[in-house]
Amino acid sequence: MKFKLPEHSTLLDKSFLYGTATASFQIEGDSTSRLPCIWDTFCATAGNIADASNGDQACEHIAKWREDIDLIHSLGVDAYRFSISWPRVIGFDGKLNPQGVDFYIQLLEYLIELGIKPFVTLYHWDLPQHIEDNGGWLNRQTAYLFRDYVDLITQAFGERVHSYATLNEPFCSAYLGYEVGIHAPGLTGQDKGKQAAHHLLLAHGLAMQVLRKNSPKALNGIVLNFTPAYPVSDSQADINAAAYADDYLNHWYAEPVFNGCYPEILNQLPAENRPQIEEGDMQIIAQPLDYVGINYYTRAFYKADDNLPYCAISPKGVELTAMGWEVYPDAFRDLLIDLNKRYTLPPVYITENGAATDDEIIDGSVDDQQRINYIQGHLLAVHQAIEAGVDIQGYFVWSLLDNFEWAEGYVKRFGIVYVDYQTQQRTKKRSAELFTELVTTRINQA
Ligand code: GCO
């Protein structure tokens, strides 16, 4: 088996960028050498994490980073997407913590030495706890603290970074963290979710202004996730419910970034739940972008409900990953095409796509056939979207390593590399081998 794409596919050209991705809290460990973050606190409450685990050790990447970068190099990929832990690089006083900064500078320099392009995410959900104690993303001031952190860290990194993303998936931070409470900091309420979303988006806009000044040569943008909303039937009521869910869960974050406004359903929210928006905020949010990162895993179904604007339905009789997420690559293709019609998109990078599967090491190897099929289907979807005119420049598989899968703990394995958490040994899965085969047999087709 190999990954197969049509002969002249752009995805087989050397100019199409391939990478793998991780995030700080999910892999780093060594939590005592940084300030506490909201995920440390969230993990400490019984019942929040499926296996009652935390990020204290994770993949011990702080100790094993060189080995991990060598591993990335051995995969043959062009780029590595990882995130900076804000509580590792900024102290209580708001100044740079030299030890934390040095860690990332060494990492960046080693990546550059090996010819791997660093794609740096500035916020992948690990807000310093002391900032949460002051209201976190409910406090407008946090957007300005983020701007200040971005200003300091990008000056420290200089020209070492190929690409910056301000935020990873503001939907998850705002909706999962402040509206339904299944992610840190575990707060609930529509008013909170929407206010947090607004401050996150403001933080993005403010950070883009800093990036343009401090890192004008880098590709600067944001990473948004989409779970396209489908109606369970073709009744008008279900179609309307799905459209509402799509605006509420997906376009809530895209529309402000690209068009400088929230979806119209903002006006249907109870007045007391609408975010406070100050004059000029929407212009700050809608900064020009060098690229947009798109994360896609699955689609979702919705039906009408008498008491709610929409009601989510679990898929039945379809192929699911270990997360219980439907495998449906056509929705990925259609999402990319639809986004390209709806917005004036900058160049697109697929910054996350992948699957959790029930992987086991047998005789020293992991034959992760379901993940292989998943990646195959989704690469083809990217190819089809490009053929349909979407400007897609690269694809990052989520994830490099099995790691801390948030509320699911270590039970769900997303890596193309298996991690034995007892020994911290890394073993390439079959998907990693095929990924290398794909990436290293590309040619210049221009
Ligand atoms: C995401 C996150 C990852 C998750 C992955 C699988 O951006 O949602 O970046 O941290 O691990 O999506 O759920």
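Rules of the game
- Residue numbers run consecutively from 1 along every chain, following the written order of its sequence.
- Only residues with pLDDT of at least 70 are given local features in this predicted model, and only at 80 or more are side-chain atom pairs given and counted; all residues enter the totals for whole chains, interfaces and linings.
- Neither water nor hydrogens contribute to the side-chain values; these are computed over all heavy atoms in the structure.
- Segments assigned H or I by DSSP are reported as helices when at least four residues long, segments assigned E as strands when at least two residues long, and all are numbered from the N terminus.
- Relative accessible area decides the class of each residue, using a 1.4 Å probe on protein chains only: under 20% of the type maximum gives buried, over 50% gives exposed, and in between gives partly exposed.
- We call two residues in contact when some of their heavy atoms are within 4.5 Å.
- Per-residue and other accessible areas were derived by the Shrake-Rupley procedure at a 1.4 Å probe size, with only the shown protein chains allowed to occlude residues.
- Here a cavity is any set of points on a 1 Å grid over the protein atoms alone where a 1.4 Å probe fits but cannot get out, and a pocket is any open set with protein on both sides within 12 Å along at least 5 of 7 lines; a residue lines the site when it has an atom within 4 Å of a point.
- Grid points are joined across faces, edges and corners, and a volume is the space filled by probe spheres set on the points.
- Residues are grouped as follows: Ala, Val, Leu, Ile, Met, Phe, Trp, Tyr, Cys and Pro are nonpolar; Asp, Glu, Lys and Arg are charged; all remaining types, including Gly, are polar.
- One bridge is not enough; two strands pair if DSSP finds at least two bridges between them.
- Here an axis means a line fitted to C-alpha atoms, over the contact stretch when the element is a helix, while the angle between two N-to-C directions is reported on a 0 to 180 degree scale.
- If a single non-hydrogen atom of a residue is within 4 Å of a molecule or strand, that residue counts as near it.
- Polar contact criterion, stated in full: a pair of N or O atoms within 3.5 Å, where within protein one must be able to donate a hydrogen and the other to accept it, and residues adjacent in sequence count only if both atoms are side-chain atoms.
- Grid points define the cavity or pocket, and a molecule sits in it when more than half of its atoms lie within 2 Å of them.
- A helix is expected to span 1.5 Å multiplied by its residue count minus one.
- The reported bend at a residue is simply the angle between two axes, fitted to the 7 residues ending at it and to the 7 residues beginning with it.

When its secondary structure is counted, the protein shows 14 helices and 13 strands. Each principal axis of the C-alpha atoms in the protein carries an extent, and together these give about 60 × 55 × 45 Å. In the protein, buried positions account for 60% of the 446 residues. Restricting the contact set of the protein to residue pairs at least 6 apart, pairs at least 24 apart contribute 78%. For the protein, the accessible area works out to roughly 17,400 Å², and carbon and sulfur atoms hold 48% of it.

Considering only enclosed or pocket space, the largest pocket measures out at about 1,100 Å³ in volume. Lining the largest pocket are 43 residues, with F171, L176, T227, T298 and W325 positioned closest to its centre. Elements with a contribution of two residues or more to the lining of the largest pocket: α8 (170–179), β5 (219–226), α10 (236–259), β7 (291–296), β8 (300–303) and β9 (311–313). The biggest single contributor to the lining of the largest pocket is α8, with four residues. Its residues assigned to classes, the lining of the largest pocket comprises 25 nonpolar, 11 polar and seven charged.

Let us now look at the sheet that holds strand β1 (residues 17–21). Taken together, eight strands build a closed barrel; the order of strands is β1-β2-β3-β4-β5-β7-β10-β11 and the barrel is parallel. Strand-to-strand twist in this sheet, taken as the mean axis angle between neighbours without regard to direction, amounts to 25°. Across the sheet, helix α9 (residues 190–214) lies against β4 (163–168) and β5, angled at about 165° from β4, the strand it touches most.

Now for the pairing of strand β2 (residues 79–83). Summarising burial for β2: five of the five residues are buried, a large majority. Judged by which residues are buried, β2 turns out to be covered on both faces: A79, R81 and S83 on one side and Y80 and F82 on the other are all buried. Where β1 and β2 come together, three bridges link them in parallel fashion. Paired with T20 across the two strands is Y80, which belongs to β2.

The next subject is empty space enclosed by the protein. Tallied over the entire structure, the rule returns three cavities of 30 Å³ or more. Roughly 50 Å³ of volume is contained in the largest cavity. Taken together, I38, W39, Y123, W125, W137, C172, S173, Y178, H183 and A184 make up the lining of the largest cavity. Going through the elements one at a time, α2 (38–43) and α8 are the ones with two or more residues in the lining of the largest cavity.

Take the site of the ligand next. Around the ligand, the surrounding shell holds 13 residues, and the nearest of these are Q26, H124, E169, E352 and E405. Contact distances for the ligand include 2.7 Å between an oxygen atom and a side-chain N or O atom of E169. At 3.0 Å, a side-chain N or O of Y297 approaches an oxygen atom of the ligand. Alone, the ligand offers 310 Å² of accessible surface; in the complex the protein occludes 94% of this. The cavity that encloses the ligand is the largest pocket. Across the shell around the ligand, the residue classes tally to six nonpolar, four polar and three charged.

Bringing the environment of I116 into the picture now. Inspection of the secondary structure assignment puts I116 in the loop between α5 (98–113) and β3 (117–121). On the basis of relative accessibility, which here comes to 2%, the residue I116 falls in the buried class. As for I116 and G76, which are separated by 40 residues in sequence, their C-alpha atoms are 9.0 Å apart. The contacts of I116, once residues within four sequence positions are left out, are I69, I72, H73, V77, D78, A79, Y80 and L111.

Looking along the chain, the bond that leaves A184 and enters P185 is cis, with omega of 5°. One can find P185 in the loop between α8 and α9. Of note, the bond from W398 into S399 is cis; its omega dihedral lies within 30 degrees of zero at 15°. Structurally, S399 is set in the loop between β11 (392–398) and β12 (417–420).

If you check α10, its first and last C-alpha atoms are just 27 Å apart, much less than what 24 residues at 1.5 Å a residue would give, namely 34 Å. The largest bend in α10 amounts to roughly 70° and is located at H251. Phi turns positive, to about 70°, at G260, one or two residues after α10.

Attention now moves to the sheet that holds β8. Taken in spatial order, the three strands of this open sheet run β6-β8-β9, and their pairing is mixed. Of all strands in the sheet, those bounded by a partner on one side alone are β6 (229–231) and β9. Ignoring which end each strand starts from, the neighbouring axes of this sheet average 45° apart. Bridging between β6 and β8 involves three bridges; their strand directions are parallel. Paired with P231 across the two strands is Y302, which belongs to β8.

This part takes up the side chain of N353. Positionally, N353 belongs in the loop between β10 (348–352) and α13 (369–387). Within polar-contact distance, the side chain of N353 engages the backbone oxygen of Y296 at 2.8 Å. A distance of 3.2 Å separates polar atoms of two side chains, one belonging to N353 and the other to Y374. Excluding residues within four positions of it along the chain, N353 makes contact with Y296, Y297, F332, Y374, H378, Y395, F396, V397 and W398.

On to helix α12 (residues 329–342). With 14 residues, α12 extends 20 Å between its outermost C-alpha atoms, agreeing within 8% with the 20 Å of an ideal straight helix rising 1.5 Å per residue. Residues of α12 that are buried include every one of A331, F332, L335, L336, I337 and L339, and no others.

Any link to function would need more than the numbers given here.
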